[in-house]
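Spelled out from the first residue to the last, the chains are:
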Amino acid sequence: MLAARVMQDQGLHVEGLNFFTGFCVEGHTHAIRSNPNRKPRRNNALWVAEQLGIPLHIVDVIEEYKSVLLRPHHGYGANLNPCLDCKTFMVGKALEWMQAHDFDFIITGEVLGQRPMSQRRDTFPVVARESGANDRLLRPLCAQLQPPTLPEREGWVDREQLYGFSGRTRKPQIALARQLGIEDYAQPAGGCCFLTDAAYSRKLRDLWQSRAERDYELDDIMLLKVGRHLRPKPHLKVIVARDAGETRYLRGYRKRFTYLDMTSHNGPLTLVEGERGDADVELAARIAARFGQGREAKSVSFQFVSRGGIERELQVAPFTVDEVLGDWYL
Amino acid sequence: MSTHQLDATGLLCPLPVIRTQDRVATLRQGDVLSVHCTDPGALLDIPAWCRIHGHELLSTQESEEEVLICIRVRK
């Protein structure tokens, strides 16, 4: 937002690009869970564009992003975050868009030293070079700490009116926002990708391990964001919704999964994957019963529907809290 | 001028916006697009996208099962 505004204040025409990889914390994840106390849902990219008065183009890169995540040239960060490859990929996509729409250069809101992998003095040039953007990539918030880029050398942009921010502190950005009259802004950079999240990365690794294949579809990675995921046996996975919003969302997956719908008490919908017989179904049901209002009852009833559409009633005794083993949780 | 339907049910934000954006790119000035969604977030996001790009929001309707957003394309 700041970088775009700084360019606008120099009289340049700016348009926004927002790439949707499927791993974005924004938007859809806010839409799933029930929470009456949360601030109104908004897509921050759209909101920022509206505040700035610029067009925003949201680009679906779900399929193309697979090669970035599955085969990162520069490896992963602390979790499954391929930040350097990701940044290179996105700047490369921005370059494609720039060329297709007759723009002159690309800006990002990056700050030197802000992030440990993709925003370092030694990795900034890697992104510029490997994306193909080279010196048409300008980072207005830290440009004064970098060699002049083409827009600066050509005088399209006044370098003196750019900034030299560095480090992990957000204080200079917050001060600049205040100076520009920007009082409300989206969350600071970082923390907007599930791949930086340890728990999510663990679930994604489990998905690959259980399938003996490093691949995914959009539905797979969306499901990893929803519900409690438990693996009580190597071949058996149980996904239990955490609230009514997640139950509603998981209902959309009923045709793809065996599922358990609690009928005797209020309780979450549960998806079951990999069950090999009645013992596995009963195990899944006893887990599911633990998370409904009948957790203290002697018996909880479910409508069980197999992936093939076969329905039957099922009664089980809920597990006690100690019987749901900690290492079942993914 | 013609009326078109877009099924964005089962998709979560921002996919309904992306599908709307891509569909509108194929339409002509004055065409009407009815977008069917199940993500209530679309009630905020698609109108915001319309405001940014200058398209006219004709109506929004929300029922238990579905959100319906009608827009007129302005180019």
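Basis of the calculations
Residues numbered from 1 in each chain as written. Chains lettered and ligands numbered in written order. Predicted model: local features only at pLDDT ≥ 70, side-chain atom pairs only at ≥ 80, totals over all residues. Contact = placed C-beta atoms within 7 Å. Helix = DSSP H or I, 4+ residues; strand = E, 2+ residues; numbered from the N terminus. Nonpolar A, V, L, I, M, F, W, Y, C, P; charged D, E, K, R; others polar. Pairing = 2+ DSSP bridges. Axes fitted to C-alpha atoms, helices over the stretch in contact; angles between N-to-C directions. Core = buried A, V, L, I, M, F, W, Y, C linked by C-beta atoms within 7 Å. Buried ≥ 20, exposed ≤ 12 C-beta atoms within 10 Å, placed from the backbone. Domains from an automatic or database assignment. pLDDT = per-residue confidence, 0-100. Expected span 1.5 Å × (residues − 1).

Draft legend 1. Up close: the interface of chain A and chain B. Listed by partner, the interface residues are 19 residues for chain A and 17 residues for chain B. For the side of chain A that touches chain B, the elements supplying multiple residues, two or more each, are α2 (28-32), α3 (44-52) and β2 (56-60) of chain A. Looking at the side of chain A that touches chain B, its residues break down into ten nonpolar, five polar and four charged.

Draft legend 2. Up close: unusual backbone geometry. Each neighbour pair has its own omega, and for B:C13 with B:P14 the value is 10°, a cis peptide bond. The residue B:P14 is located in the loop between β1 (3-8) and α1 (15-24) in this model. If you check the backbone angles, A:D102 has positive phi at about 60° while not being a glycine. With respect to the secondary-structure elements, A:D102 resides in the loop between α5 (83-100) and β3 (106-107).

Draft legend 3. Spotlight on the sheet that holds β1(B). Residue and element names in this part refer to chain B. Here four strands make up an open sheet; going across it, the order is β1-β2-β4-β3 and the pairing mixed. Strands at the two margins of the open sheet, each flanked by one partner only, are β1 and β3 (56-62). Sheet twist, expressed as the mean angle between neighbouring strand axes with direction ignored, is 15°. The pairing of β1 with strand β2 (residues 32-37) spans six bridges and is parallel.

Draft legend 4. Quick peek at the nonpolar core. Residue and element names in this part refer to chain A. In terms of nonpolar packing, the biggest core is built from 98 residues, with V238, L260, V272, A284, A285 and A288 touching the most fellow members. The greatest single-element share of this core, amounting to seven residues, is contributed by α5. Summarising the domain contributions, this core has at least three residues from each of domain 1 (2-194) and domain 2 (226-328). Excluding its chain neighbours within four sequence positions, the residues that come into contact with L260 are T270, V272, A284, A285, A288, F302 and F304.

Draft legend 5. Structural view of the environment of B:L11. All names here are of chain B. Position of L11 relative to the elements: it lies in the loop between β1 and α1. Residue L11 is classed as buried on the basis of its C-beta count, with 20 C-beta atoms lying within 10 Å. Along the primary structure L11 and G30 are separated by 19 residues, whereas in three dimensions their C-alpha atoms are 26 Å apart. Ignoring anything within four residues of it in the chain, the contact list for L11 reads P16, R19 and D39.

Draft legend 6. Highlighting the confidence of the model for chain B. Mean pLDDT over chain B: 94, with 100% of residues reaching 70 or higher. Confidence estimates for the predicted assembly give a pTM of 0.89 and an ipTM of 0.92.

Draft legend 7. Seen up close, helix α2 (residues 42-53) of chain B. Helix length check: α2(B), at twelve residues, gives a terminal C-alpha distance of 16 Å against a target of 16 Å (1.5 Å per residue), a fit within 8%. The complete set of buried residues in α2(B) reads B:A42, B:D45, B:I46, B:A48, B:W49 and B:C50. For α2(B), the secondary structure elements touched by its buried residues are α3 of chain A together with α1, β2, β3 and β4 (67-72) of chain B. One or two steps after α2(B), the chain reaches B:G54, where phi turns positive at roughly 80°.

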